[in-house]
Amino acid sequence: MKLYNFYKHVALAATVLLFSSSLFAQEATTKVSSDGFFAATKIGDGWAITEKNSMVGANIYLVLGKDSALIIDTGYGQGDLKAFIGTLTKLPLIVVNTHGHGDHAGNNKQFSKIYLHPDDFYMLQSNNKNAPKLVPIREGYVFNLGGGRKLDVMDVPGHTPGSIVLFDVDSKILFSGDNTNNLVWLFLRDCKPLEVYLQSLEKVQKRINDFNIVMPGHNDPLGKTFIADQIGCVKAILNGTSEEAPYQHQYAQKGVMLAKYGEAQVAYDPKNLRAKK
């Protein structure tokens with residue numbers, strides 16, 4: 001990710017939401033960790049954190065309430081994330097993973113307890129006695145951070161069986177993990193069938209009035225209308241009308257296709273389209 005572009009998009013989001021969200025301020029402030037691994041963009045009383053030296057470039061978010069702070073994902077696993085967050089807030093920390101992939105859970109070991117959907121536990125379970133405790137969360141769970149700051153959980157199986165998104169309704173923000181990125185991978189062995197992913201997108205779309213902006217797992221913030229492009233992309237794949245080409249990537253097996261619709265892109269396995277009856 002190009003950090004300049006990320007900061008530019010976050011600053012734009014701040015301006016758009018200035019009058020509807022206490023999380024955002026008109027001008028973004030940045031801070032870099034002493035070890036050089038992290039850069040944080042301050043938006044009002046919250047932070048968007050990027051990994052400067054990671055090729056994966058997963059986003060980490062810090063949401064502040066009155067009584068506690070919520071860390072959404074922990075990144076690829078380089079650097080001392082906990083120490084850096086300690087320079088951003090002194091509030092007690094709660095940590096949640098949007099899903100179990102290593103680029104979103106790599107620094108979990110720095111914390112004692114991680115909230116995660118149980119369908120993704122198998123990705124992170126360890127025989128290491130010092131591994132963090134995994135606490136199950138499902139749709140309907142609410143993180144109450146105090147002072148009116150609450151984030152509620154929705155199950156969105158697709159990218160992984162236990163993927164979740166978090167709605168910060170008062171601030172009109174959707175923290176989407178890898179359910180919504182400008183490019184979503186649906187070809188990994190853990191991915192659910194494409195029509196299951198479509199159902200998850202349609203669930204999110206039904207709550208379109210609860211958010212104005214999407215803070216994704218990778219790359220820049222997205223507008224709420226992007227969800228409709230994702231739905232259009234997946235529907236086109238399923239009905240055989242998608243604009244697509246072979247997807248060339250070191251982690252993609254032979255036969256993976258890349259479909260495009262509007263601004264959305266989905267890389268998918270043609271052998272994993274429909275749920276088994």
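Cut-off values and rules
Sequence positions are assigned chain by chain, starting from 1 and proceeding in written order. The predicted origin of the model limits local features to residues at a pLDDT of at least 70 and limits the giving and counting of side-chain atom pairs to 80 or more, whereas totals for whole chains, interfaces and linings rest on all residues. Derived side-chain values reflect all non-hydrogen atoms in the structure, with water molecules and hydrogen atoms excluded from consideration. A run of H or I in DSSP becomes a helix once it reaches four residues, and a run of E becomes a strand once it reaches two; helices and strands are each numbered from the N terminus. Here the expected length of a helix is defined as 1.5 Å per residue gap, with one fewer gap than residues. Between buried and exposed lies partly exposed: a residue is buried under 20% and exposed over 50% of the maximum accessible area for its type, with that area taken using a 1.4 Å probe on protein chains only. Contacts are assigned to residue pairs that have any heavy atoms within 4.5 Å of one another. For two strands to pair, DSSP has to find at least two bridges joining them. Lines fitted to C-alpha atoms define the axes here, with helix axes fitted over just the stretch in contact, and angles between the N-to-C directions of these axes take values from 0 to 180 degrees. Definition of nonpolar core: a set of buried residues of the types Ala, Val, Leu, Ile, Met, Phe, Trp, Tyr and Cys, connected through side-chain atoms within 4.5 Å. Note on aromatic pairs: the rings of Phe, Tyr and Trp (six-membered ring only in Trp) are paired at centre separations within 6.5 Å, and the planes decide the class, stacked below 30 degrees, edge-to-face beyond 60, tilted for the rest. Geometrically, a charge over a ring is one whose NZ (Lys) or CZ (Arg) sits within 6 Å of the ring centre while staying within 35 degrees of the ring normal.

Novice: Mind laying out helix 5 (residues 194–205), listing which residues take part and the relevant values?
Specialist: In a regular helix each residue adds 1.5 Å, so 12 residues correspond to 16 Å; helix 5 covers 16 Å between its end C-alpha atoms and thus fits that length. Among the residues making up helix 5, those that are buried are Leu194, Glu195, Val196, Tyr197, Leu198, Ser200, Leu201 and Val204. Looking at the buried residues of helix 5, the elements they touch are strand 10 (149–155), strand 11 (164–168), strand 12 (173–177), strand 13 (183–186), helix 6 (226–239) and strand 18 (264–268).

Novice: Would you mind going over the sheet that holds strand 10 in detail, with residue names and values included?
Specialist: Strand pairs in the sheet, formed through backbone hydrogen bonds, run parallel or antiparallel to each other. Strand order in this open sheet of six strands is 9-10-11-12-14-15, and the pairing throughout is mixed. What marks the edges here is a single partner per strand, and that holds for strand 9 (142–146) and strand 15 (222–223). Pairing geometry for strand 14 (residues 213–216) and strand 15, over two bridges, is antiparallel. Within the sheet, the bridge partner assigned to Val214 lies in strand 15 and is Leu222. Against the sheet, helix 5 makes contact with strand 10, strand 11 and strand 12, and its axis sits at roughly 150 degrees relative to strand 10, the strand it touches most.

Novice: Could you give me a rundown of the sheet that holds strand 18, with the residues and numbers involved?
Specialist: Read across the sheet, four strands follow the order 13-18-17-16 without closing on themselves; strand pairing throughout is mixed. Looking at the sheet topology across the chains shown, the edges are occupied by strand 13 and strand 16 (243–246). Sheet twist, expressed as the average angle between the axes of neighbouring strands with direction ignored, equals 20 degrees. Pairing of strand 16 with strand 17 (residues 257–261), which is carried by four bridges, proceeds in the antiparallel orientation. Along strand 17, the bridge assignment pairs Pro246 with Met257. Of the strands in this sheet, strand 13, strand 16, strand 17 and strand 18 are in contact with helix 6, which crosses strand 18 at around 40 degrees.

Novice: Outline the nonpolar core, listing residues and values.
Specialist: Among the nonpolar cores identified, the biggest contains 28 residues, and Leu186, Leu194, Val204, Val234, Val266 and Tyr268 are the most heavily contacted of them. Elements that contribute at least two residues to this core include exactly strand 11, strand 13, helix 5, helix 6, strand 17 and strand 18. Beyond its immediate stretch of four places on either side in the chain, Val204 contacts Met154, Val156, Val165, Phe167, Leu174, Asn179, Phe211 and Ile227.

Novice: Run through the packing of aromatic side chains, naming residues and quoting values.
Specialist: Under the definition given, this model contains 10 aromatic pairs. Ring centres 4.9 Å apart and planes at 65 degrees place the aromatic pair Tyr141 and Phe143 in the edge-to-face group. Residue class for Tyr141 comes out partly exposed when judged on its relative accessible area of 32%. Seen in terms of ring centroids, Trp185 and Tyr247 are 6.5 Å apart; in terms of plane orientation they differ by 70 degrees. Their pairing is edge-to-face. Of this pair, Trp185 sits in strand 13 while Tyr247 sits in the loop between strand 16 and strand 17; the two residues are 62 residues apart in sequence, bridging distant segments of the chain. Judged by its relative accessible area of 21%, Trp185 falls in the partly exposed class. Directly above the aromatic system of Phe167 lies the positively charged group of Arg207, at a separation of 3.8 Å from the ring centroid.

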